[in-house]
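Structural description and commentary
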Amino acid sequence: MKPICVLFVIALFISCKREKPVEISMKDDVVVLASDSLHGRQTGTPYEIMAANYIADRFKNIGLEPKGTNGYFQEFSFIDKSDPHGKVTYVSKAEDSTTTGTNVIGFLNNNAENTIVIGAHYDHLGMGIEGSLYRGETPQIHNGADDNASGVAAMLHLAAGLKNKDTNNNYLFIAFSGEEMGLLGSNYFVKNPTIDLKKVDYMLNMDMVGRLNKEKSIAVYGVGTSPIFKQVLFAYKGDLKVTENESGVGPSDHTSFYLMDIPVLHFFTGQHEDYHKPSDDSDKLNYEGMETITQYILSIITELNDDGKLAFRKTKNESEEVPAFKVTLGVVPDYLFSGKGMRIDGVSEDKPAQKAGMQKGDVVIKMGDYEVSDMMSYMKSLGKFEKGNTTQVTIKRNDSTLVLNVTF
């Protein structure tokens, strides 16, 4: 096997130097983007620029027009936040105290009236910036194969599929930077668009689409942002098990577009134990599953092709604030679970849940006096407790109901 850095050079050569487009698989794209050579694609680093150059070359190979402010690129500079929950300050000029990210933007111009935006963030956590769940002492590369080389590869696959398709829309493909730092690239784009946002029909976002499970479960967010979405989603799902979420607000780049009154859909195959850890590598992805998902999305695009500009609808819970909490249970929620309660998809070492005896697959249905019916009620319940509190947590395990004592 060739060293991954050599593979990266070969992939760039193939995509840049040949006159005819070369067929590159989604796995090829993921292997390059999630290679050690790119050091985790952290925003503002030379490795982010290497990844951006690769994506721009892929856009060129597919036949997309440049639609950034500098060829395919749209740079944005910002002052690093001391408060991770504070607002970012964009600046017009990069200085020593700023970080510069780079969006990569390609355009499929069919001379149509309206444009569909298809996006995925390509940045990740580098050697383990804030947000990493790795607890080792020695810094390690966070390759981010699922998060989000998978989404970028799916976006590139869709671009190639739509290139020769007769449609009534234009398509703008955006690989966002700065997502891991707070949706910075997408937020900057909607405030500084390179096309007329009034001509955008809807936006599709793919973030972590590489781990389709045996049940073929996929979560789709933003279903309530246009009245037609639900009908189309379920008409073309095939054997996919779709868990729908109405809200247009979530922790990924579709949120930036929803807040501009644009209908959005976000596709997600779920959390896993490698999330935000160095172990999120390319050999763990389900590439057949990614093919299934991209074909599903392509079917949705095709079905919506003749419907004109979609109606936008605000969703009920976009203004509902996620409660602040001072404690954590130490579990990874199963975001694909559609039953009553909050199902646990992973348990962290030496945290309250593990100490109490909770296991992967347990469903939390009550915390103290507070009923847990879904993710939001779980977070609201968690917000009622402080460090040092002890409470009883009721869980469902298979056919049994257990009451466990948890100390935060």
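Some words on unusual backbone geometry
The linkage connecting Asp147 with the following residue, Asn148, adopts the cis geometry, with an omega of 5 degrees. Within the secondary structure, Asn148 is located in helix α4 (residues 145–163). Phi is positive for Asp261, which is not a glycine, with a value near 65 degrees. Looking at the element boundaries, Asp261 is found in the loop between α7 (254–258) and β10 (264–268). Positive phi, close to 55 degrees, is recorded for His276, a residue that is not glycine. Relative to the assigned elements, His276 resides in the loop between β10 and α8 (287–304). Of the residues examined, His276 reaches a relative accessible area of 6% and is grouped as buried.

Overview of the environment of Leu183
On the secondary structure map, Leu183 appears in the loop between β6 (169–176) and α5 (184–191). Look at Leu183 and you get buried, because its relative accessible area is 16%. A sequence separation of 73 residues divides Leu183 from Ser256, and the C-alpha atoms of the two residues are 7.5 Å apart. Those residues within four positions of Leu183 in sequence are excluded, and the remaining contacts are Gly178, Gly250, Pro251, Ser252, Asp253, Thr255 and Ser256.

Calculation notes
Residues numbered from 1 in each chain as written. Predicted model: local features only at pLDDT ≥ 70, side-chain atom pairs only at ≥ 80, totals over all residues. Heavy atoms only, no water. Helix = DSSP H or I, 4+ residues; strand = E, 2+ residues; numbered from the N terminus. Buried < 20%, exposed > 50% of the residue type's maximum accessible area, 1.4 Å probe, protein only. Contact = heavy atoms within 4.5 Å.

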